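Analysis of the macromolecular model
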Amino acid sequence: METNGRSAPQTPLDDPPEPGARPDVRLEALVRGPAHAPSGEADSGAGCAVEGAAAGEPLTAKLARRTAPGVLYERGPEEGYLRCTACAHRCVLAPGRAGACGIRFEQDGELRVPFGYVARHYVRSVETNTIFHVRPGARSLTFGMFGCDLRCPYCQNWKVSQALREPGSDGEPIDISAADLVEVAVAAGCEVLASAYNEPMITAEWARAVFTEARRRGLVTALISDGNTTPEALEYMRPVADVFRVDLKGWSADQYRTLGGRVEPVLAAIGEARRLGYWVEVVTLVVPGFNDKPDGLRALGAEIARIDLDIPWHLNAFYPRYKMRDRAMTDPAFLVDVAGVAYARGMKYVYVSNVADRVRELSHTRCPGCYEVVVRRFNYETQEVLLSGGACPSCGTRVPGLWGSAAA
């Protein structure tokens, strides 16, 4: 994507913010453009915090105008300060300051949060979100916004998630109401609606508005998250969200420091989501030279198994992209070996993805009782669903998931 705007100041790349940090991202930096925008009418229905627009204004200014009052915060710790509770950074916002994400900010005593737009949306199979135990073969409308609480150097969706950190970003938000977005999904025959591409929990208020409408229209709802979130945010979303699909990106403090976060909140979020009743699936993108040590991956599998042996674990192959174009793709044989160890340790559903041309058998769902294939897939597309009422037709073993009528 060609870019020509300015990015907001961010927390230094060599040190992620500690919980309760006070990022020095000023509101005036978010709305400053090549020239000051003339005062004008606010965008209709956007709950705008900053009025007016100007040709050539930076993305940060466009987003600052597309906000609404937030819910995920608490007052304090000092007079006039707010503590955001959408992600595990728990940024403390001084008056006129934004959080580490650059999109949640304090203004006139209230928290302003992204609302009323999407950065992109596509209709594809639900499996392209790396969700295998939810309505296999169904169509899903997946949407996202701009911004992220992490800064992964291999992000596939960096043009959206990292737009505020890339100099000269010129992304264009698409104004749309929650009802109209869901209508697009319904008209396309979707059974699932997913929030992805950037971190959905830092835009949770908008996701909740969209998911509320989606639930009203009978759709399954899914959060495609980095897991760097809080119990407050998970509880806030649970009444309207069915699925919490988590990227578990590593096992060490050093790895997560590179990404701008910590591993402990992610593991805690997986456990809390299961406790709250979300359907949970976990993805680990295995990046050569970053998180591909066998003992570390075995430790990750053990952590997932400790939470729930029924949680599906997806081992995805890395391809060179974004700021990590200096290394080869992941060896598929290595992923098969890791999956074998995970199965040997009692995990019931382990998948290897992104290498459909070389590893096909580990794309299928097998019955944990008799090992017969109950859902057959190829390259993120479901070819055959053999389940009967959510159970194996051969031995009757229940296979956990949100299968719906399509799998009955």
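Just above, that's the structure.
Residues numbered from 1 in each chain as written. Predicted model: local features only at pLDDT ≥ 70, side-chain atom pairs only at ≥ 80, totals over all residues. Heavy atoms only, no water.

Digging into the overall build of the chain
The number of helices and strands found in the chain is 10 helices and 21 strands. Out of the 408 residues in the chain, the part that is buried amounts to 57%. Nonlocal contacts in the chain, meaning residues at least 24 apart in sequence, comprise 67% of its contacts between residues at least 6 apart. (Helix = DSSP H or I, 4+ residues; strand = E, 2+ residues; numbered from the N terminus. Buried < 20%, exposed > 50% of the residue type's maximum accessible area, 1.4 Å probe, protein only. Contact = heavy atoms within 4.5 Å.)

Things to note about the sheet that holds strand 15 (residues 243-247)
Pairing within the open sheet is mixed, and its eight strands lie in the order 10-11-13-14-15-16-17-18. Whereas interior strands pair on both sides, the edge strands pair on one side only; in this sheet they are strand 10 (120-125) and strand 18 (350-353). For this sheet, the mean inter-axis angle between neighbouring strands, taken without regard to orientation, is 20°. Both strand 11 (residues 139-144) and strand 13 (residues 192-195) contribute to a ladder of four bridges, which runs parallel. Following the sheet pairing, Leu141 is matched in strand 13 by Leu193. Its contacts with the sheet put helix 10 (residues 332-344) on strand 16 (279-286), strand 17 (313-317) and strand 18, and the angle it makes with strand 17 is roughly 170°. (Pairing = 2+ DSSP bridges. Axes fitted to C-alpha atoms, helices over the stretch in contact; angles between N-to-C directions.)

Side note on the pairing of strand 11
A large share of strand 11 lies buried, amounting to five of its six residues. Pairing between strand 10 and strand 11: six bridges, direction antiparallel. Considered in strand 11, the bridge of Arg124 is made with Ser140.

Digging into the pattern of salt bridges
If the charged atoms of two oppositely charged side chains come close together, the side chains can form a pair. A full pass over the atoms with the stated rule returns 21 salt bridges. A salt bridge links Arg66 to Asp175; its shortest N-O distance comes to 2.7 Å. Of this pair, Arg66 sits in the loop between helix 2 (59-64) and strand 2 (67-69) while Asp175 sits in strand 12 (residues 174-175), and the two are 109 residues apart along the sequence. According to the relative accessible area criterion, Asp175 is partly exposed, its value standing at 43%. Between Arg274 and Asp308 there is a salt bridge; the shortest N-O distance is 3.1 Å. Of this pair, Arg274 sits in helix 8 (residues 263-276) while Asp308 sits in the loop between helix 9 (294-307) and strand 17, and the two are 34 residues apart along the sequence. Its relative accessible area of 26% is what places Arg274 among the partly exposed residues. (Salt bridge = Lys/Arg side-chain N within 4 Å of Asp/Glu carboxyl O.)

Points about the sheet that holds strand 5 (residues 92-93)
Within the open sheet, the three strands sit side by side as 3-4-5. Their pairing is antiparallel. Each edge of the sheet is formed by a strand with only one pairing partner; in this case those strands are strand 3 (73-75) and strand 5.

Concerning the packing of aromatic side chains
By the definition in use, this model includes eight aromatic pairs. Plain terms: the ring middles of Tyr122 and Tyr197 are 6.0 Å apart, the flat faces sit at 85° to each other, and that makes the pair edge-to-face. Within this pair, whereas Tyr122 is found in strand 10, its partner Tyr197 is found in the loop between strand 13 and helix 5 (204-216), the two being separated by 75 residues in sequence. A relative accessible area of 13% means that Tyr197 is categorised as buried. Plain terms: the ring middles of Phe132 and Tyr380 are 6.3 Å apart, the flat faces sit at 70° to each other, and that makes the pair edge-to-face. Pair noted here: Phe132 is in the loop between strand 10 and strand 11 and Tyr380 is in the loop between strand 20 (373-378) and strand 21 (381-385), with a separation of 248 residues, a long-range link. Here Tyr380 falls in the buried class, since its relative accessible area comes to 16%. One aromatic cluster is present, built from ring pairs that chain together Phe132, Tyr351 and Tyr380. Geometry around Tyr122 places Arg124 over its ring, the cationic atom sitting 4.4 Å from the centre. (Phe/Tyr/Trp six-rings, centres within 6.5 Å; stacked < 30°, edge-to-face > 60°. Lys NZ or Arg CZ within 6 Å of the ring centre and 35° of its normal.)

A few points about the side chain of Asn228
Mapping Asn228 onto the fold places it in the loop between strand 14 (220-225) and helix 6 (231-237). Side chain to side chain, Asn228 and Asp149 meet in a polar contact 2.9 Å long. Discounting residues that sit within four places of it in the chain, Asn228 has contacts with Cys87, Ala88, His89, Asp149, Leu150, Arg262, Pro265 and Val266. (Polar contact = N/O pair within 3.5 Å; in protein donor to acceptor, adjacent residues only side chain to side chain.)

Considering the side chain of Ser140
Summarising the element assignment, Ser140 is placed in strand 11. Of the residues examined, Ser140 reaches a relative accessible area of 1% and is grouped as buried. For Ser140, the side chain forms a polar contact with the side chain of Thr142, separated by 3.5 Å. With near-sequence residues (within four places) excluded, Ser140 lies in contact with Tyr122, Val123, Arg124, Ser125, Val126, Asn129, Cys190, Val192, Leu193 and Ala194.

Considering the state of the cysteines
Scanning all chains against the criterion turns up zero disulfides. You can see Cys91 has no disulfide; the closest cysteine sulfur is in Cys87, sitting 5.7 Å from it. We classify Cys91 as buried; its relative accessible area is 5%. (Disulfide = S-S within 2.5 Å.)

Some thoughts on helix 9
Given 3.6 residues per turn, any residue in an α-helix points the same way as the ones three and four places further on. Here helix 9 is 14 residues long and its end C-alpha atoms lie 20 Å apart, about the 20 Å a rise of 1.5 Å per residue gives. Listed in full, the buried residues belonging to helix 9 are Gly296, Leu297, Leu300, Gly301, Ile304 and Ala305. Taken together, the buried residues of helix 9 touch strand 16, strand 17 and helix 10. (Expected span 1.5 Å × (residues − 1).)

Looking at the environment of Thr284
As for its position among the elements, Thr284 is in strand 16. Distance from Thr284 to Leu297, taken between C-alpha atoms, is 8.9 Å for residues 13 residues apart in sequence. For Thr284, the residues in contact, after removing those within four places along its chain, are Leu248, Asn291, Leu297, Leu300, Trp313, His314, Leu315 and Asn316. A polar contact of 2.9 Å, which involves the side chain of Thr284, links it to the backbone oxygen of Leu248.

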